[in-house]
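Take a look at the letters that make up each chain.
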Amino acid sequence: MSGGTHLENANPVIFQRSGERLLTATDEDEDIHDPIDDREIFDILFVSINDPEHPLSLEELNVVEQVRVMVNDAESTVGIEFTPTIPHCSMATLIGLSIKVKLLRSLPERFKIDVSITPGTHASEDAVNKQLADKERVAAALENSSLLEVVNQCLTTSRST
């Protein structure tokens, strides 16, 4: 949750979560190559990342949608676009950083990860996207123990049901 008492979006619209992905025997067999796809990324990330201000997942706030997850397993690339709940959301960089950290922690190192704001949905999208694309800025942010603690709080799944 935000450290302040004022919420930017005090009454967000809450969306229904998507259903659980049904796993097949092939999905669970470690001896069979199972390419990473958009639904797997969506399941790993968005049901388990909470909004910094609300005890809701990014999926429940429609900040993330499966259609905005682009995966190319053969080229080892993952692209995610996220949509802040309001156009002037001051938490956009923190949300993007949380998504990026979760991906970095969950995917094999071979993947190149691109996280950005859905075009036209945020007043400062260019500045936020520039920060999220800059490896040195991301690394420096993750060395800040206070910021890392907030990111880890967003990645804690116990807040959301």
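Rules used in this analysis
Residues numbered from 1 in each chain as written. Predicted model: local features only at pLDDT ≥ 70, side-chain atom pairs only at ≥ 80, totals over all residues. Heavy atoms only, no water. Helix = DSSP H or I, 4+ residues; strand = E, 2+ residues; numbered from the N terminus. Buried < 20%, exposed > 50% of the residue type's maximum accessible area, 1.4 Å probe, protein only. Contact = heavy atoms within 4.5 Å. Arc of directions from axis to C-beta. Salt bridge = Lys/Arg side-chain N within 4 Å of Asp/Glu carboxyl O.

J.: Give me the lowdown on the overall build of the protein chain, citing residues and values where you can.
T.: Across its full length, the protein chain carries six helices and three strands. For the protein chain, the succession of helices and strands along the chain, N to C, is α-α-β-β-α-β-α-α-α. Among the 161 residues that make up the protein chain, the fraction classed as buried is 41%. Summarising the internal contacts of the protein chain: among those between residues at least 6 apart in sequence, 69% fall at separations of at least 24.

J.: How would you explain helix 2 (residues 38-45) if you had to name every residue and give the values?
T.: Taken residue by residue, helix 2 has R39, I41, F42 and L45 as its buried positions. The arc that holds the buried residues of helix 2, viewed along the axis, is 160 degrees, so those residues lie on one side. On its buried face, helix 2 is in contact with strand 1 (69-72), strand 2 (77-82) and helix 3 (92-106).

J.: Can you break down the pattern of salt bridges residue by residue, with the values?
T.: All chains considered together, the criterion is met by five salt bridges. Across the pair R110 and D73 runs a salt bridge whose closest N-O atoms are separated by 2.9 Å. Of this pair, R110 sits in the loop between helix 3 and strand 3 (112-117) while D73 is found in the loop between strand 1 and strand 2, placing the two residues 37 residues apart along the sequence. Ionic pairing is found between R137 and D134, a salt bridge with its closest N-O pair at 3.8 Å. If you follow the salt bridges from partner to partner, you end up with E65, R68 and E81 in one network.

J.: Before we move on, could you go through unusual backbone geometry and cite the residues and values that matter?
T.: One non-glycine residue, N62, lies in positive phi territory at about 60 degrees. Within the fold, N62 resides in the loop between helix 2 and strand 1. When its relative accessible area of 26% is taken as the criterion, N62 is described as partly exposed. Even without being a glycine, S76 presents a positive backbone phi close to 60 degrees. By secondary structure assignment, the location of S76 is in the loop between strand 1 and strand 2. Judged by its relative accessible area of 11%, S76 is buried.

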